[in-house]
Amino acid sequence: MAAHAKDSVNSRMLARLAEAGGPAGYALHGRIAWKIGCPWIGYDRDDAVDALLLLAAQRRLDGRLLAGQLQALIRNGSSSPKRVTDGLRAAAETGAYVTVWSVPEAALPALLRGTPVREAGALLALAVECALRCAAKSRTPEVEAVAARTGSSQTVKHARLLRDVLS
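Residues numbered from 1 in each chain as written. Predicted model: local features only at pLDDT ≥ 70, side-chain atom pairs only at ≥ 80, totals over all residues. Heavy atoms only, no water.

**A look at empty space enclosed by the protein**
So, point 1. Here the structure, examined in full by the defined rule, presents one cavity of 30 Å³ or more.
So, point 2. One number sums up the size of the largest cavity: a volume of about 30 Å³.
So, point 3. The wall of the largest cavity is formed by Leu70, Gln71, Ile74, Val84, Leu88, Val103, Pro104, Ala107, Leu111 and Leu123.
So, point 4. Sorting the residues of the lining of the largest cavity by element identifies α5 (63–75), α6 (81–92) and α7 (97–112) as the ones contributing at least two each.
So, point 5. Partitioned by chemical class, the residues of the lining of the largest cavity number nine nonpolar, one polar and no charged. (1 Å grid on protein atoms, 1.4 Å probe; cavity = no way out; pocket = protein on both sides within 12 Å on 5 of 7 lines; lining within 4 Å. Points joined across faces, edges and corners; volume = space filled by probe spheres on them. Helix = DSSP H or I, 4+ residues; strand = E, 2+ residues; numbered from the N terminus. Nonpolar A, V, L, I, M, F, W, Y, C, P; charged D, E, K, R; others polar.)

**What about the pattern of salt bridges?**
Opposite charge on two side chains allows them to pair when their charged atoms are near.
So, point 1. According to the stated counting rule, one finds five salt bridges in the structure shown.
So, point 2. In this structure, arginine 113 engages glutamate 142 in a salt bridge whose closest nitrogen and oxygen atoms are separated by 3.2 Å. One end of the pair, arginine 113, is in the loop between α7 and α8 (120–134); the other, glutamate 142, is in helix α9 (residues 141–147), with 29 residues separating them in the sequence.
So, point 3. On the basis of relative accessibility, which here comes to 48%, the residue arginine 113 falls in the partly exposed class.
So, point 4. Relative accessible area serves as the criterion here: at 17%, glutamate 142 is assigned to the buried category.
So, point 5. One salt bridge connects aspartate 164 with arginine 163, and the closest N-O pair in it is separated by 3.2 Å.
So, point 6. Its relative accessible area of 47% is what places aspartate 164 among the partly exposed residues. (Salt bridge = Lys/Arg side-chain N within 4 Å of Asp/Glu carboxyl O. Buried < 20%, exposed > 50% of the residue type's maximum accessible area, 1.4 Å probe, protein only.)

**Some details on the environment of alanine 72**
So, point 1. Here alanine 72 shows up in helix α5.
So, point 2. Residues alanine 72 and alanine 107 lie 35 residues apart in sequence; the distance between their C-alpha atoms is 9.3 Å.

**Here's the deal with the nonpolar core**
So, point 1. Counting 50 residues, the largest nonpolar core has Ile32, Leu52, Leu66, Leu70, Leu88, Trp101 and Leu162 as its most contacted members.
So, point 2. For this core, the element with the most residues is α7, which contributes nine residues.
So, point 3. Among residues more than four places away in sequence, those in contact with leucine 88 are Ile36, Leu52, Leu70, Val100, Val103, Leu123 and Leu126. (Core = buried A, V, L, I, M, F, W, Y, C linked by side-chain atoms within 4.5 Å. Contact = heavy atoms within 4.5 Å.)

In structure tokens form, the structure reads like this:
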């Protein structure tokens, strides 16, 4: 349904698609990512967060798929880590720390590889908070590489914090 509706998916329709059951694939995750991350439709962000939480409650949210679509929006300039973080933080504030952690956990390697994207510190800060709250443990080479850099930028500071939390 989400693939057929494409750009006509408004905020009410997004929640209904999330509630409808059936497969939650690329198109639905893409609409959620678009509405979470894009600045000119910020009024839809709450509905996108609701749809994300509905999918998570039904165990149909694919954190890796959503992360891939969010990081693509960031990489192509349609969004920024700060905007994405604001939307994900709204979901985390409901207590969905494990759900939200699955998104930066999957997105950060691509966003930190090579030269980290601008404002990556915002997403790293949210990742630290979520990882602490859900006691996440993992090893992420890209986070460790940024944490090992010299300097005191927000990205480096938060990468160090996340590395320490995850170890």
